[in-house]
Structure formats: structure tokens, C-alpha cells
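# Survey of secondary and tertiary structure
Spelled out, the chains give:
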Amino acid sequence: MKEKKPFVICDIDNVINNLCECFIQRYNYDFHTDYTVEDINEYNITKCIPISEDSLGFLYFHNPMFWKRVTTLCLDVDSSVFIKNLDEISDLEFATASTYDMIVHKIEFMNKHFPMINENRIMCVCEKEILNCDILIDDCYTNFKGNNYKLGIIISQPWNRNINLNG
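So, a few notes on the structure that sits alongside this text. (Residues numbered from 1 in each chain as written. Predicted model: local features only at pLDDT ≥ 70, side-chain atom pairs only at ≥ 80, totals over all residues. Heavy atoms only, no water.)

## Thoughts on the pairing of strand β4 (residues 133-138)
Along β4, six of the six residues are buried, which leaves the element largely enclosed by surrounding structure. Sheet topology places strand β1 (residues 7-10) next to β4; three bridges connect them, and they run parallel. Looking at the pairing, I9 lines up with L136 of β4. The pairing of β4 with strand β5 (residues 149-154) spans five bridges and is classified as parallel. (Buried < 20%, exposed > 50% of the residue type's maximum accessible area, 1.4 Å probe, protein only. Helix = DSSP H or I, 4+ residues; strand = E, 2+ residues; numbered from the N terminus. Pairing = 2+ DSSP bridges.)

The structure is reproduced here in C-alpha cells:
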């Protein structure tokens, strides 16, 4: 009898790509500042960097040229190796909190760096607690509320380092 693979849902931004790092590099270039990723100590970037939500979207996150700079994230291992291995041992899908105009850029990123992942395995969902899975991998601690997963893996980022998920 074949053993059932675990169903894994993985976030994209700042979990398998370096979105925040690219934003900081570009913002520093554009505005002659010297911010680091460590300065983004809240999930909402606009609380850490003097930029409005509209400007953040227009200049960066909704800008196709910005997305050309986004690449795979490398923590202990490059995310391309991690995802390839995870895809072999699990039923892997991706969930990203995006607007529909941004999902195009994320699909292009996935096609470029993870060609083995069919775009049908990428879903656009802001409230991840509605998803049910065995393992949830994310960088936003608020996505771990509820009982929709058996095991949660939070990717360490400056905006979640001081969060106590147990209390």
C-alpha cells in the first residue's frame, strides 16, 4: 500500500523569494537611504519605512520591472533546492496573499525559478486560515492562527523574530 504524502502549503514572498531584500535595495537606491532588511521589524513595511501603501504598490510591488530583480531566497539552503526536494516528498501547493495584478509577476517568478511547479498549484488567498493542510510554511505569524494545519513552519524574518506563537 502506497503511503500518502503530506499536503504542504507554502507561501512565496520572503519564504522562497527575496522580495523584502529586493525592495530595500531598490528603495535605498531610489531615495539615497541605507535601510537593511533588519529594519523591517513589522510585517507592514509602511510602519518601518517612510512610504505610503499607494507608493509601495505603484513603485515596487505592482511594477513589472521591480519583479525582474526578485530571485530565490537563500537561508540555510537555496529555496530552489528546498522546493525541489519538498516537491518530491509531498503534495506541494503555494498560497500567496496577492492582488490579481501581482499574481502574474509571482507566476513568472515561479516559472523562472521553479519550472516543475505548474501554475495551477499556485493560489491567491489573503486569509490563509481558510486553507487546510498538513504543513503550512509561511513568514507571517498571523497566518498560523486557527486549526487549519497540523504542523506550522515559520520562516525567521525580522518582522517575526520577537513573536511568541505559544502565548
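## Here we look at helix α1 (residues 19-31)
A rise of 1.5 Å per residue sets the reference length of α1, with its 13 residues, at 18 Å; its end C-alpha atoms lie 18 Å apart and thus fit the reference within 8%. All of the buried residues in α1 are L19, C20, C22, F23, I24, Y27 and N28. Against the buried residues of α1 lie α2 (53-61) and α3 (64-67). (Expected span 1.5 Å × (residues − 1). Contact = heavy atoms within 4.5 Å.)

## Describing the side chain of S79
Its location among the elements puts S79 in helix α4 (residues 79-89). Not counting chain neighbours up to four residues away, the residues in contact with S79 comprise V15, I16, T72, L73 and F114.

## Considering helix α5 (residues 100-113)
Three- or four-residue spacings in an α-helix give side chains the same orientation, since the helix completes a turn every 3.6 residues. Taking 1.5 Å per residue, 14 residues should reach 20 Å; α5 reaches 20 Å between its end C-alpha atoms and fits that length. Within the sequence span of α5, burial applies to M102, I103, H105, K106, I107, F109, M110 and H113. Along its buried surface, α5 packs onto α2, α3, α4, β2 (91-96) and β3 (122-124).

## Remarks on the state of the cysteines
Counting across every chain of the model gives zero disulfides. There is no disulfide at C10, and the cysteine sulfur nearest it, in C133, is 10 Å away. We note that C124 lacks a disulfide partner, and the nearest cysteine sulfur, in C126, lies 5.9 Å from it. (Disulfide = S-S within 2.5 Å.)

## Considering the packing of α1 against α2
Here α1 crosses α2 at 95°, and the two axes come no closer than 11 Å. Comparing the axis directions of α1 and α2 gives the class roughly perpendicular. Between α1 and α2, the residues in contact are L19, F23, R26, Y27, D30 and F31 and L56, L59, Y60 and F61, respectively. Here the residues of the contact of α1 with α2 sort into eight nonpolar, no polar and two charged. (Axes fitted to C-alpha atoms, helices over the stretch in contact; angles between N-to-C directions. Parallel < 35°, antiparallel > 145°, perpendicular 65-115°, else oblique. Nonpolar A, V, L, I, M, F, W, Y, C, P; charged D, E, K, R; others polar.)

## A short note on the sheet that holds β3
Reading across the sheet, the five strands line up as β3-β2-β1-β4-β5 and stay open at both edges, with parallel pairing between neighbours. Bordering the open sheet on either side are β3 and β5, each of which pairs with just one other strand. Each strand axis lies, on average, 25° off the axis of its neighbour in the sheet, ignoring direction. Two strands pair when backbone bridges link them, and β2 and β3 are joined in this way by three bridges, in the parallel orientation. Pairing of T96 across the sheet is with C124, part of β3. Where α4 meets the sheet, its contacts fall on β1, β2 and β4, and the angle it forms with β2 comes to roughly 130°. In the packing of α5 onto the sheet, the strands contacted are β2 and β3, and the crossing angle to β3 comes to about 160°.

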